[in-house]
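Architecture at a glance
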Amino acid sequence: RRPEDAAPPSPDMVLVSLVEGGDVGAKPVWLKPAALVPANPETLDGVDDVGALSHLNEPSLLRVVMARYAARSIYTRAGPVLVAINPFTKVAGLYDAATMRSYQSAAAAAAAAAERDGPALPPHLYQVAGAAYYDMAARGRSQSVVINGESGAGKTESAKIILSFFISAASAAGKGGG
């Protein structure tokens, strides 16, 4: 006997089928509506800023971060906050000189134009570092970068990456390049 043919275990329950990629997954289950949370359309899976989600809840956040991680995009924005998931391996091109230069150029252009966000680039530690460095350099404003996480999450590596950006940007500025 199929669950959808049976009467609900209690009158306040609804039958729910899980759908993934248009395919019905697990066997339907009876749940109370209070146990359900709204879902976002699949087109928002992997969006680079969770602020773009229609429904902001824990399952939606986890789905976005998991989709981005699976695509080797370890950084996700949450408004002004950058969420980083430690890949526990090297990600090709993530911290190379060309990548750093593109974030330096974007941050310098944003600072010169007094824009907050600058040209659209994927979320990255270089973006955070660039915003802090160029806001400090162009406007003389003190800056703080808070790096938070559990033991082994990559806080020390993130700090090193940000400092390498600062050193490179300061060196370029000293040579008249930024």
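This section reports on the structure supplied with the text. Predicted model, so just to flag it, every value in this text is computed and none were measured.

1. Section: the side chain of H124
Within the element layout of this structure, H124 appears in the loop between α2 (97-112) and α3 (125-139). What makes H124 buried here is its relative accessible area of 3%. Within polar-contact distance, the side chain of H124 engages the backbone oxygen of L94 at 2.7 Å. At a separation of 2.9 Å, a polar atom in the side chain of H124 contacts the main-chain amide nitrogen of Y126. Apart from the residues within four sequence positions on either side, H124 is in contact with Y75, L82, L94, Y95, T99 and Y103.

2. Description of helix α4 (residues 155-174)
Over its 20 residues, α4 extends 28 Å from the first C-alpha to the last, a length consistent with the 28 Å expected when each residue adds 1.5 Å. Here α4 has its buried residues at S158, I161, I162, F165 and A169. For α4, the angular spread of the buried residues around the axis is 95°, confining them to a single face. Among the exposed residues of α4, those pointing more than 90 degrees away from its buried face are T156, I167 and G174. Residues of α4 that are buried in the fold lie against α2 and α3.

Cut-off values and rules
- Every chain is numbered on its own, with residues counted from 1 as its sequence reads.
- In keeping with the predicted nature of the model, local features appear solely for residues at pLDDT of at least 70, side-chain atom pairs appear and are counted solely at 80 or more, and the whole-chain, interface and lining totals rest on all residues.
- Hydrogens and water molecules were not included; the side-chain quantities draw on all heavy atoms of the structure.
- Every helix listed is a DSSP run of H or I at least four residues long, and every strand listed is a run of E at least two residues long, numbered separately from the N terminus.
- Remark: exposure states derive from per-residue accessible area (1.4 Å probe, protein chains only) relative to the maximum for the residue type, with buried under 20%, exposed over 50%, and partly exposed in between.
- Polar contacts here mean pairs of N or O atoms no more than 3.5 Å apart (in protein, one a potential hydrogen donor and the other a potential acceptor; neighbouring residues in sequence count only if both atoms are side-chain atoms).
- Working rule for contacts: check all heavy atoms of both residues, and any pair within 4.5 Å makes them a contact.
- An expected span of 1.5 Å times one less than the residue number is assigned to each helix.
- This arc is taken over the directions from the axis of the helix to the C-beta atoms.

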